[in-house]
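Read off the chains here:
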Amino acid sequence: DGGITQSPKYLFRKEGQNVTLSCEQNLNHDAMYWYRQDPGQGLRLIYYSQIVNDFQKGDIAEGYSVSREKKESFPLTVTSAQKNPTAFYLCASSIGTGTPETQYFGPGTRLLVL
Amino acid sequence: QQQVKQSPQSLIVQKGGISIINCAYENTAFDYFPWYQQFPGKGPALLIAIRPDVSEKKEGRFTISFNKSAKQFSLHIMDSQPGDSATYFCAASRGSNYKLTFGKGTLLTVNP
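Owing to the predicted nature of the structure, the values given are computational and were not obtained by experimental measurement.

### So, the pattern of salt bridges
And then number 1: Under the counting rule described, the total for this entry stands at six salt bridges over all chains.
And then number 2: The closest approach of N and O atoms between Arg36(A) and Asp38(A), which form a salt bridge, is 2.8 Å. Here Arg36(A) matches Asp38(A) in class, with each residue buried.
And then number 3: The closest approach of N and O atoms between Asp84(B) and Arg61(B), which form a salt bridge, is 2.8 Å. Residue Asp84(B) is located in the loop between β8 (72–77) and β9 (86–92), and its partner Arg61(B) is located in the loop between β6 (56–59) and β7 (62–67); the two are separated by 23 residues in the primary sequence.
And then number 4: A relative accessible area of 27% places Arg61(B) in the partly exposed class.
And then number 5: Within this structure, Arg36(A), Asp38(A) and Arg44(A) form a network of salt bridges that share partners.

The following block contains the structure:
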């Protein structure tokens, strides 16, 4: 059963703590993305990766970091520098042909600050 | 700078009615315009998409109308059903750029 999995579903962060959100895909897609969703704000791009070992900042990268060591995995770390991390985080992937194409989304992780 | 403006923020429609959501864009280089549907607590899923070489695309009860000169596109949901109640996002991207720019979303409620 192909798709994108995100874990955990809910994550709690303490002040000054870094937390890592997992994203795995078995669609054999080259491109992967991380979005942040806040109520009434739509989806805003944090980071994206077009190929393994390469990634680019999106519109709101400050306070976040990513890695892309494997094609199927694109973890997102929310660092302590991100002062307002409470949001719904969505991972997505696409084939990565370089032309406009469908992005497939995972079920999301909701991050809450204790 | 909001490159894709979506309206209305929320919409209430009676069962069987037509739901219309509008989007306007600023960047004339955009050449791919998808609509995504999102149910509460879930990730968005592609509903329908259009490229500017056509003015309309229909898939079942869902239709995208595209007006290139006005830089506007809209989603029409015919015979709206309670199961269509969700948040709808328009988006746009250009050429080989992987980035999608999303509108802020429309919460659609279809009353039985």
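### Regarding the side chain of Thr106(B)
Residues and elements named next belong to chain B.
And then number 1: For threonine 106, the location among the structural elements is in strand β11 (residues 106–111).
And then number 2: Given the relative accessible area of 0%, threonine 106 is considered buried.
And then number 3: Within the structure, threonine 106 has its side chain in polar contact with the side chain of glutamine 6 (distance 3.0 Å).

### Thoughts on unusual backbone geometry
And then number 1: The step from Ser7(A) to Pro8(A) runs through a cis peptide bond, and the omega angle for that step is -5°.
And then number 2: Backbone torsion omega between Ser7(B) and Pro8(B) reads -5°, so that peptide bond is classified as cis.
And then number 3: Note on placement: Pro8(B) falls in the loop between β1 (4–7) and β2 (10–14).
And then number 4: In this model, Asn28(A) sits at a positive phi of 60°, which is unusual for a non-glycine residue.
And then number 5: The phi dihedral of Asn53(A) is positive, around 65°, even though this residue is not glycine.
And then number 6: The topology assignment puts Asn53(A) in the loop between β5 (43–51) and β6 (54–57).
And then number 7: Taking the relative accessible area as the measure of exposure, Asn53(A) reaches 63% and is therefore exposed.

### With respect to the state of the cysteines
And then number 1: According to the stated counting rule, one finds two disulfides over all chains in the structure shown.
And then number 2: What pairs with Cys23(A) in a disulfide is Cys91(A), and their sulfur atoms sit 1.8 Å apart. In this structure, the disulfide formed by Cys23(A) and Cys91(A) twists by about -70° around the S-S bond and is classed as left-handed. Separated by 68 residues along the polypeptide, Cys23(A) in strand β3 (residues 19–25) and Cys91(A) in strand β9 (residues 87–94) bring together distant segments of the chain.
And then number 3: Disulfide partner of Cys23(B): Cys90(B), at an S-S distance of 1.8 Å. Its S-S torsion of approximately -95° makes the covalent link between Cys23(B) and Cys90(B) left-handed. Taken together, the positions of Cys23(B) in strand β3 (residues 19–25) and Cys90(B) in strand β9 put the pair 67 residues apart, joining distant regions of the chain. Cys90(B) carries the same exposure label as Cys23(B), and that label is buried.

### Side note on the pairing of β8(B)
Residue and element names in this part refer to chain B.
And then number 1: With five of six residues buried, β8 lies mostly within the body of the structure.
And then number 2: Here β3 pairs with β8 via six bridges, running antiparallel. Within the sheet, the bridge partner assigned to serine 19 lies in β8 and is isoleucine 77.
And then number 3: Pairing analysis gives six bridges linking β7 to β8, with the strands arranged antiparallel. Bridge pairing in β8 links phenylalanine 66 to phenylalanine 73.
And then number 4: Counting the residues between successive antiparallel strands, the hairpin from β7 to β8 contains four residues, one of them, lysine 71, with a positive phi of roughly 55°.

Calculation criteria
- Throughout, residues of each chain are indexed from 1 in the direction in which the sequence is written.
- Starting at A for chains and at 1 for ligands, labels are handed out in the order in which the entities are written.
- For a predicted model such as this one, the threshold for reporting local features is a pLDDT of at least 70, and the threshold for listing and counting side-chain atom pairs is 80 or more; totals across whole chains, interfaces and linings nevertheless cover every residue.
- Working from all heavy atoms in the structure, the side-chain values ignore hydrogens and water.
- Salt bridges, as used here, are contacts in which a Lys or Arg side-chain nitrogen is within 4 Å of a carboxyl oxygen on Asp or Glu.
- Exposed residues in this analysis have more than 50% of their type's maximum accessible area, buried residues have under 20%, and partly exposed residues fall in between, with area computed by a 1.4 Å probe over protein chains only.
- Only runs of H or I of at least four residues qualify as helices and only runs of E of at least two qualify as strands under DSSP, and these elements are numbered from the N terminus.
- Polar contacts here mean pairs of N or O atoms no more than 3.5 Å apart (in protein, one a potential hydrogen donor and the other a potential acceptor; neighbouring residues in sequence count only if both atoms are side-chain atoms).
- Criterion for a disulfide: a pair of cysteine sulfur atoms within 2.5 Å.
- In this scheme, strands are said to pair when DSSP sees at least two bridges between them.

It is worth stressing that arrangement in space is one thing and function is another; only the former is reported here.
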